[in-house]
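What follows is each chain in one-letter form.
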Amino acid sequence: MESLAELIASSPVFAGLEDADLALIAGCAQNVGFEEGQLLSREGDPADTFFLVRRGRVAFELHTPDRGGLVIDTADAGDVVGWSWLFPPYRWHFDARAAEGVRAIAFDGACLRGKCAEDTRLGYELMKRFAQVMIDRLQHTRFRLLDVYGGVGVG
Amino acid sequence: MAASASAEAPLHGVMAPVLHRVVSRTRETSDTWTLELDPLGEAVRPRAGQFDMLYAFGVGEVPISTSGDHEDGSRLTHTIRAVGAVTSALCASDEGAVVGVRGPFGNEWPLAEAVGRDLVVVAGGIGLAPLRPAVRHAVARREDYGAVSVLVGARTPADLLFLDDIESWRSRLDAEVDVTVDAAPAGWRGRVGLVTELIPGAVFDPANAVAFVCGPEIMMTFVVRALADRGLATDRIWISMERNMRCGVGHCGHCQLGPTLICRDGPVYRADEMTRLMEVREL
């Protein structure tokens, strides 16, 4: 059975970190599971935790009065759920719900934030990696704004 | 490549539509219908990837890819999205209505190139329609191919075409089918995101795979890049282009894209031959 540090090291976002950093991050982590439909986070709640999906699918939902719930993105195995723990006001911007049974690693973001403040090298390393996750999401979101499948036909 | 109408018939022959009767009309989504057409004259037999010019009498003519099995004989299957006057008129054609058909035109998906290799099919939106005959062909002759992966993107779950086919392919143990949408109502258990996001996890060996891609041009550009990032050579990626096809036989020039006429030389092109042209903004 793989240790938490090994599981974390095998994920794209943490791959290549030094053993000492991985051990420190693993110290802020625990295995968690969610049944289908269960919330991992709720919009507006304090974002003291983030997740690394090991199995299953997480749906990011936004709710509007006129359109009800809308799934705006999903995360699958290897994906990170949540970056609000890194930035004030440290609150979730959406609901994260298990679209199916989910196994994940939950990280104590508040604890890790403190460690990043003490060790700025680690803090910079994590910031770079989460910035990459955010850039990927931003590019995908921009592309979807094009509504390419909607299209405008002439025939 | 199969001989197309442009190669085997005199011009006056290919310009005269053959009357076809609508024998069934199936609503696929809010704006897309599939018509089954039986010939009232000589049968038109398009192959996977080819297109016909469908004529709504009194309204106009549009190019529509075949979306049915080319082994079916003389009956034609065309899936049409109502986006303008002609396509709306065709989609509104009830059973018994008569439409005109010219064709088949253009080349076909190079299924022979994929024999003995893994086959990756990437479809976006209505782009699944021209690919459906190729996927049906591949699963019907499953032993001819290595891994078969079908990746489908759509705007919403309600915009997904051919749900019966998708479920049928998905239920096979020897084919991988992955679907993603741009947005979905709460409760959707599938993926939300770009079709390109499906490519890193798709089952195929880049060293021995062939890809067929069809969808909006910008989507195909990004899909070709994502497939190339996985290590698939762009001379083994095939894309289906769409332009303003009118005559279907390379005479009118409406579908010219740089040095090529899509109706005559395409619509299926190797990605390495087409992507540079697609990046020229003026074309």
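Rules and cut-offs
- Residue positions are counted from 1 within each chain, in the order its sequence is given.
- Written order decides the labels, with chains lettered from A and ligands numbered from 1.
- In keeping with the model being predicted, local features are shown solely for residues with a pLDDT of at least 70 and side-chain atom pairs are shown and tallied solely at 80 or more, while totals for entire chains, interfaces and linings include all residues.
- Note on conventions: DSSP H or I runs of at least 4 residues are helices, E runs of at least 2 residues are strands, and numbering of each starts at the N terminus.
- By definition, residue pairs are in contact when their C-beta atoms, positioned from the backbone, come within 7 Å.
- Atoms counted for the radius of gyration: C-alpha only. Globule rule: 2.2 Å times residue count to the power 0.38.
- Comment: burial labels come from other C-beta atoms within 10 Å of the residue's own C-beta, placed from the backbone, where a count of 20 or more is buried, 12 or fewer is exposed, and between is partly exposed.
- We treat two strands as partners when DSSP finds at least two bridges between them.
- Any set of buried Ala, Val, Leu, Ile, Met, Phe, Trp, Tyr and Cys residues joined through C-beta atoms within 7 Å is what this text calls a nonpolar core.
- Boundaries between domains were set according to an automatic or database domain assignment.
- Axis geometry follows a simple rule: fit a line to the C-alpha atoms, using only the stretch in contact for helices, then measure angles between N-to-C directions, giving values from 0 to 180 degrees.
- Roughly parallel covers angles under 35 degrees, roughly antiparallel covers those over 145, roughly perpendicular covers 65 to 115, and oblique covers all other angles.
- With the far helix as reference, a near helix turned anticlockwise by less than a right angle produces a left-handed crossing, and one turned clockwise produces a right-handed crossing.
- In this count, Pro and Cys sit with the nonpolar residues alongside Ala, Val, Leu, Ile, Met, Phe, Trp and Tyr, while Asp, Glu, Lys and Arg are called charged and the others, Gly among them, polar.
- The length a helix should cover is 1.5 Å for every residue beyond the first.

Visitor: Which residues make up the overall build of chain A, and what values do they have?
Guide: Within chain A, the secondary structure is distributed over 4 helices and 8 strands. By principal-axis analysis of the C-alpha atoms, chain A measures approximately 60 × 35 × 30 Å. In chain A, the share of contacts with a sequence separation of at least 24, taken over all contacts with a separation of at least 6, comes to 72%.

Visitor: Describe in detail the overall build of chain B, supporting the description with residues and values.
Guide: Helix and strand counts for chain B stand at 9 helices and 16 strands. For chain B, whose C-alpha radius of gyration is 18 Å, the value lies close to the compact-globule estimate of 19 Å for 283 residues. Dimensions of chain B, computed from C-alpha atoms along their principal axes, come out at roughly 50 × 45 × 40 Å. Counting over 283 residues, chain B shows a buried share of 51%. Across chain B, contacts joining residues at least 24 apart in sequence account for 71% of those joining residues at least 6 apart.

Visitor: Account for the sheet that holds strand S1 (residues 29-34) of chain A, naming residues and giving values.
Guide: Think of a sheet as strands paired side by side through backbone hydrogen bonds, with each pair either parallel or antiparallel. Strand order in the open sheet formed by 4 strands is S1-S8-S3-S6 (chain A), with antiparallel pairing between adjacent strands. Strand pairing shows two members of the sheet lacking a second neighbour, S1 and strand S6 (80-81) of chain A, which therefore form its edges.

Visitor: Talk me through the nonpolar core; I want residue IDs and the actual numbers.
Guide: Counting 117 residues, the largest nonpolar core has Val-58 of chain A together with Val-121, Ala-211, Val-213, Trp-238 and Ile-239 of chain B as its most contacted members. Looking at this core, you find at least three residues from each of domain 1 (5-105) and domain 2 (111-240) of chain B. Ignoring any residue separated from it by four or fewer positions in sequence, one finds Val-213 of chain B in contact with Val-122, Met-220, Val-223, Val-224, Ile-237, Trp-238 and Ile-239 of chain B.

Visitor: Account for the sheet that holds strand S5 (residues 76-81) of chain B, naming residues and giving values.
Guide: Residue and element names in this part refer to chain B. What the 6 strands build is an open sheet, ordered S4-S3-S6-S1-S2-S5; its pairing is antiparallel. Both edges of this open sheet fall to strand S4 (60-65) and S5, since each of them pairs with a single strand only. For this sheet, the mean inter-axis angle between neighbouring strands, taken without regard to orientation, is 40 degrees. Across 6 bridges, strand S2 (residues 32-39) lies against S5 in antiparallel orientation. Residue pairing for S5: Thr-32 is matched across the bridge by Arg-81.

Visitor: Explain the interface of chain A and chain B to me, and be specific about the residues and the numbers.
Guide: For interface size, the figure often reported is the accessible area lost on association. Taken together, the contacts link 22 residues of chain A with 26 residues of chain B. Elements with a minimum of two residues in the side of chain A that touches chain B: strand S4 (58-64), strand S5 (68-75) and helix H4 (120-145) of chain A. Examining the composition of the side of chain A that touches chain B, we find that 7 residues originate from one element, S5 of chain A, more than from any other. Bridge analysis of S5 of chain A against strand S10 (residues 184-185) of chain B gives 2 bridges, and the strand direction is antiparallel. In the sheet register, Leu-70 of chain A faces S10 of chain B, and the bridge partner there is Pro-185 of chain B.

Visitor: Run through the packing of helix H7 (residues 217-229) of chain B against helix H9 (residues 271-278) of chain B, naming residues and quoting values.
Guide: In a packed pair of helices, the relevant descriptors are the angle between the two axes and the axis-to-axis distance. Residue and element names in this part refer to chain B. Relative to each other, H7 and H9 sit at 125 degrees, their axes nearing to 11 Å. One finds that H7 runs oblique with respect to H9. As for the relative orientation of H7 and H9, their crossing is left-handed in sense. Packed against H7, whose contacting residues are Glu-217, Thr-221 and Val-224, the element H9 presents Ala-271, Thr-275 and Met-278 at the interface. Tallied by class, the residues present in the contact of H7 with H9 amount to 3 nonpolar, 2 polar and 1 charged.

Visitor: So what about the domain arrangement of chain B? Which residues, and what values?
Guide: All names here are of chain B. If you check the domain split of chain B, you get domain 1 (5-105) and domain 2 (111-240). The gap between the C-alpha centroids of domain 1 and domain 2 is 25 Å. Each side of the interface is counted separately: domain 1 has 14 residues, and domain 2 has 13 residues. Of the residues that constitute the side of domain 1 that touches domain 2, the class distribution is 1 nonpolar, 10 polar and 3 charged.

Visitor: An account of H4 of chain A is needed here, citing residue identities and associated values.
Guide: If you check H4 of chain A, its first and last C-alpha atoms are 36 Å apart, about what 26 residues at 1.5 Å a residue would give, namely 38 Å. At the C-terminal side of H4 of chain A, Asp-147 of chain A shows a positive phi close to 50 degrees.

Visitor: Requested: an account of the environment of Thr-77 of chain B, with residues and values cited.
Guide: Residue and element names in this part refer to chain B. Within the secondary structure, Thr-77 is located in strand S5. Among the residues examined, Thr-77 registers 21 C-beta atoms within 10 Å and is labelled buried. Residues Thr-77 and Glu-36, 41 residues apart in the sequence, show an inter-C-alpha distance of 4.7 Å. Non-local contacts of Thr-77, meaning those with residues more than four positions away in its chain, are made with Thr-34, Glu-36, Thr-66, Ser-67 and Gly-68.

Visitor: Could you give an account of unusual backbone geometry, naming the residues involved and the relevant values?
Guide: Excluding glycine, a negative phi dihedral is what most residues carry, and trans is how most peptide bonds are arranged. Residues and elements named next belong to chain B. Cis geometry is adopted by the peptide bond preceding Pro-104, which originates at Gly-103 and carries an omega value of -5 degrees. The amide bond that connects Gly-266 to the next residue, Pro-267, takes the cis arrangement and shows omega of 10 degrees. A positive phi is found at Phe-162, a non-glycine position, where the angle reads about 55 degrees. Position of Phe-162 relative to the elements: it lies in the loop between strand S8 (148-154) and helix H6 (163-171).

Visitor: Account for the packing of helix H3 (residues 109-118) of chain A against H4 of chain A, naming residues and giving values.
Guide: Residue and element names in this part refer to chain A. Look at H3 against H4: their axes get within 5 Å of each other, and the N-to-C directions meet at 120 degrees. Relative to H4, the element H3 is oriented oblique. Taking contact as the criterion, the partners of Lys-115, Cys-116 and Ala-117 in H3 are, on H4, Leu-122, Gly-123 and Leu-126. Residues of the contact of H3 with H4, tallied by class, amount to 4 nonpolar, 1 polar and 1 charged.

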